[in-house]
Amino acid sequence: MRHPLREPGMTGNANNETDLLARAREGDIDAFSRLVELYQERAIRTAYAILGDMEDARDQAQEAFVKAYRSLSDFKVQSRFYTWFYRILLNTCKDHLRKKKVRGFVRLWTGRTDEDEAELPDAPDDAPDAAETLMGRELSAEIQKALESLPLQQRTAFALRYYEGLSVLETAESMDLSEGAVKAHLWQAGQKMKKILDAWRPDGGNR
Amino acid sequence: MKKESFDSMDESLRRRLDAVPRKAVPPELLKGFSASVAARLEAEGTRPARRRFAVPALAPAFAVLVLAVVVVGRLGPAARGPAPRPPYVQIASNPSNLSSEIAALRELGAWTEEDEQSVGITDDAALEELEFSGLSPSGTSEYA
């Protein structure tokens, strides 16, 4: 199971992270950059699960890191940095979705469209075999599509728990909810996802 | 929802989703990511903010105070008793002080657009109109 502090390249970094945090709190931007490097990929992936757009995810992750730096004095040393940071990231994504909604309304009114929404090329996935990769990508896309149709809270809980590998407690801390509320969101999201996983066929479609 | 049901669904989903490759972040998005964050922080000259006392705690109280004063300002003289006015009423009922009070609250971040909309002050002109309504028919401030 994936976990922010247990992924390759992250092991043994807890002390390093504490040190970087202490230096960053004193205004050391280089130390904070190192911290950003530790979490950047995960931050973008989480934002992508919520926003459904890679470029938006990158921009909002960047915004969240800037906000995190500004609020480092609010971070309690005994807390876990990633649950604190995820809370900032989730709020940033939420704000972005709200603004996007408003912009959507404005565009509808003015009849304007975004011309600069170029799609980025797909990055290769982790699966070793080409056919497996293709099948995996299809299922992954199917899951992402379903994820985007979920209410925001369910989507967020799902992404943190099953994509980022956070425990239910950590998910609750990041979302500022009770464990019970997170379980309820996960339960509802899980039922929908199970249907997709059960129905998925590698030959191009659902049963 | 039974606890066992949640745990078994949770476990089964974790197992199944672990096997699904996730869309990787394109390397071009990661390239220079931390450097841009650092560049933004350096350009802004930002340092982690020190915890400020009193301001966050008092800011909502100030906002409520200003709103209360606006309401009091809109009531007729009969609605107000003969009791001496507290200093904050005198300050805020003066149109120029009201503007500066709101400006100060804005600086503190306690006065937002939401506040403006909730009281119907959408721009400076609306604020001027509100201030004007605090004047007596003779054109002089009621408290002058």
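Residues numbered from 1 in each chain as written. Chains lettered and ligands numbered in written order. Predicted model: local features only at pLDDT ≥ 70, side-chain atom pairs only at ≥ 80, totals over all residues.

Visitor: Talk me through the overall build of chain B; I want residue IDs and the actual numbers.
Guide: When helices and strands are tallied, chain B shows eight helices and zero strands. Ordered by position in the sequence, the α and β elements of chain B form the string α-α-α-α-α-α-α-α. Looking at chain B residue by residue over its 144 residues, the buried ones come to 16%. (Helix = DSSP H or I, 4+ residues; strand = E, 2+ residues; numbered from the N terminus. Buried ≥ 20, exposed ≤ 12 C-beta atoms within 10 Å, placed from the backbone.)

Visitor: Let's hear about the confidence of the model for chain A: which residues, and what values?
Guide: Residue and element names in this part refer to chain A. Residues at a pLDDT of 70 or more form 74% of chain A, whose mean pLDDT is 80. A low-confidence stretch, residues 116-121 stays under pLDDT 50, and its non-local contacts, those more than four residues away or across chains, total four contacts. A low-confidence stretch, residues 124-128 (pLDDT under 50), is modelled with 13 contacts involving residues beyond four sequence positions or located in other chains. (pLDDT = per-residue confidence, 0-100. Contact = placed C-beta atoms within 7 Å.)

Visitor: Tell me what's going on with helix α3 (residues 54-70) of chain A, and back it up with residues and numbers.
Guide: Relative to the 24 Å expected for 17 residues at 1.5 Å per residue, α3 of chain A spans 24 Å between its end C-alpha atoms, a close match to the ideal helical length. Among all positions of α3 of chain A, only M54, A57, R58, Q60, A61, Q62, A64, F65, V66, A68 and Y69 of chain A are buried. (Expected span 1.5 Å × (residues − 1).)

Visitor: Outline the environment of T171 of chain A, supporting the account with residue identities and numerical values.
Guide: Residues and elements named next belong to chain A. Note that T171 resides in helix α7 (residues 168-175). Counting along the chain gives 85 residues from T171 to Y86, while the straight-line C-alpha distance between them is 9.0 Å. T171 has contacts with A157, L160, R161, L166 and V182, leaving out every residue within four places of it along the chain.

Visitor: Can you tell me about the interface of chain A and chain B, naming the residues and giving the values?
Guide: Contacts between the two partners involve 44 residues from chain A, matched on the other side by 33 residues from chain B. Mapped by element, the contributors of at least two residues to the side of chain A that touches chain B are α2 (29-51), α3, α5 (130-149), α6 (152-163) and α8 (179-199) of chain A. Grouping the constituent residues of the side of chain A that touches chain B by class yields 22 nonpolar, 11 polar and 11 charged. (Nonpolar A, V, L, I, M, F, W, Y, C, P; charged D, E, K, R; others polar.)

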